[in-house]
Amino acid sequence: MKIAPSSLFVQTLSTDRFPLFLLHGWGQSSQDFKPLGNLLSSHAGVRLVDLPGFGSSPPPDRVYSSFDYAK
């Protein structure tokens, strides 16, 4: 199982300094982290990611388990 990085929705809030990727929990989306991401963006290069099937990322080609998401 591989997911093309280009198929995931990633919103870049800043690119300064080291990269910090904020990943949401089950049933949420990257928008849940936007207020925190805005606060952190002055200290890190913040990217908000929608996991497959959540928010603006397309659903996977099959049902994913939590182990699939971890991979």
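The structure presented is a predicted model; accordingly, all values stated were derived computationally and were not measured. (Residues numbered from 1 in each chain as written. Predicted model: local features only at pLDDT ≥ 70, side-chain atom pairs only at ≥ 80, totals over all residues. Heavy atoms only, no water.)

Engineer: Describe the sheet that holds strand S3 (residues 45-50), with residues and values.
Structural biologist: Read across the open sheet, the 3 strands follow the order S1-S3-S2; overall the sheet is mixed. The open sheet has two free edges, formed respectively by strand S1 (9-12) and strand S2 (19-23), since each of these has just one partner strand. Geometrically, the sheet is characterised by an average inter-axis angle of 25 degrees between neighbouring strands, direction not taken into account. For S2 and S3, the ladder comprises 5 bridges, and the chain directions are parallel. Bridged to Phe21 within S3 is Arg47. (Pairing = 2+ DSSP bridges. Helix = DSSP H or I, 4+ residues; strand = E, 2+ residues; numbered from the N terminus. Axes fitted to C-alpha atoms, helices over the stretch in contact; angles between N-to-C directions.)

Engineer: Pulling in residues and values, what's your account of the packing of aromatic side chains?
Structural biologist: For the structure on display, the rule yields 4 aromatic pairs. Both rings, one in Trp26 and one in Tyr69, keep their centres 5.1 Å apart while their planes meet at 85 degrees; by these two values the pair is edge-to-face. Highlighted residues: Trp26 in the loop between S2 and helix H1 (34-40) and Tyr69 in helix H2 (residues 66-70), separated in sequence by 43 residues. Arranged with centres 5.1 Å apart and planes meeting at 70 degrees, the rings of Tyr64 and Tyr69 form a pair that is edge-to-face. Assessed through its relative accessible area of 9%, Tyr64 is described here as buried. Members of the aromatic cluster, joined through ring pairs, are Trp26, Phe54, Tyr64 and Tyr69. (Phe/Tyr/Trp six-rings, centres within 6.5 Å; stacked < 30°, edge-to-face > 60°. Buried < 20%, exposed > 50% of the residue type's maximum accessible area, 1.4 Å probe, protein only.)

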